[in-house]
Amino acid sequence: MLAHVLLALGLVLVIEGLLYALVPGQLKAMMQSVCRLSDDQLRIGGVAAMAAGVLTVWLVNAAMF
C-alpha cells in the first residue's frame, strides 16, 4: 500500500515537473488566474479534483482485480 502511495506521489511530481519544464509561461499565467479566484471557487475546484482522483483510483483498482 505504501509503495502505491509513493508511486502515485512520484508520478504527480513527474507530471508537475513536465509542466514547469515545457510550458513555464502558460503555467505562470494560469497561476495568476488562480490568484484571482475566490476562496469558495478554489475550494469547489479542490473538492472536484479530489472526487475525480478518488473515482479514477477506484476505477483503476476495480479493473485490476
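Placed above this text is the structure.
Residues numbered from 1 in each chain as written. Predicted model: local features only at pLDDT ≥ 70, side-chain atom pairs only at ≥ 80, totals over all residues. Heavy atoms only, no water.

Caption draft 1: Up close: the overall build of the chain. Along the backbone of the chain there are three helices and zero strands. Secondary structure elements of the chain occur, N-terminal to C-terminal, as α-α-α. Computed over C-alpha atoms, the radius of gyration of the chain comes to 15 Å, more than 25% over the 11 Å expected from 2.2 N^0.38 for 65 residues, which places it beyond the range of a compact globule. Across its three principal axes, the chain shows a C-alpha extent of roughly 40 × 30 × 20 Å. For the chain, the residues scored as buried account for 2% of the 65 residues in total. Accessible surface for the chain amounts to roughly 5800 Å². Of this, 77% is attributable to carbon and sulfur atoms. (Helix = DSSP H or I, 4+ residues; strand = E, 2+ residues; numbered from the N terminus. Rg over C-alpha atoms; globule rule 2.2 N^0.38 Å. Buried < 20%, exposed > 50% of the residue type's maximum accessible area, 1.4 Å probe, protein only. Areas by Shrake-Rupley, 256 points an atom, 1.4 Å probe, with all protein chains shown as cover.)

Caption draft 2: Region of the structure containing a nonpolar patch on the surface. Together, Met-1, Leu-2, Val-5, Leu-6, Leu-9 and Leu-13 line one region of the surface with nonpolar side chains, adding up to about 690 Å² of accessible area. Checked against the element boundaries, Leu-13 lands in helix α1 (residues 2-22). (Patch = residues over 30% accessible without salt bridge, like charges linked within 9 Å, V, L, I, M, F, W, Y side chains within 5 Å. Salt bridge = Lys/Arg side-chain N within 4 Å of Asp/Glu carboxyl O.)

Caption draft 3: Representation of the pattern of salt bridges. By the definition in use, this model includes one salt bridge. In this structure, the salt-bridge partner of Asp-40 is Arg-43, at a minimum N-O distance of 3.1 Å. Residue Asp-40 and its partner Arg-43 are both found in helix α3 (residues 39-64); the two are separated by three residues, about one turn of the helix. No difference in accessibility class separates Asp-40 from Arg-43, as the two residues are exposed.

Caption draft 4: View of the packing of α1 against helix α2 (residues 24-35). With their axes 5 Å apart at the nearest point, α1 and α2 run at an angle of 110° to one another. Classified by the angle their axes make, α1 and α2 are roughly perpendicular. Every residue of α2 that contacts α1 at Leu-19, Tyr-20, Ala-21 and Leu-22 is listed here: Pro-24, Leu-27 and Met-31. Considering only residue class, the contact of α1 with α2 consists of seven nonpolar, no polar and no charged. (Axes fitted to C-alpha atoms, helices over the stretch in contact; angles between N-to-C directions. Parallel < 35°, antiparallel > 145°, perpendicular 65-115°, else oblique. Contact = heavy atoms within 4.5 Å. Nonpolar A, V, L, I, M, F, W, Y, C, P; charged D, E, K, R; others polar.)

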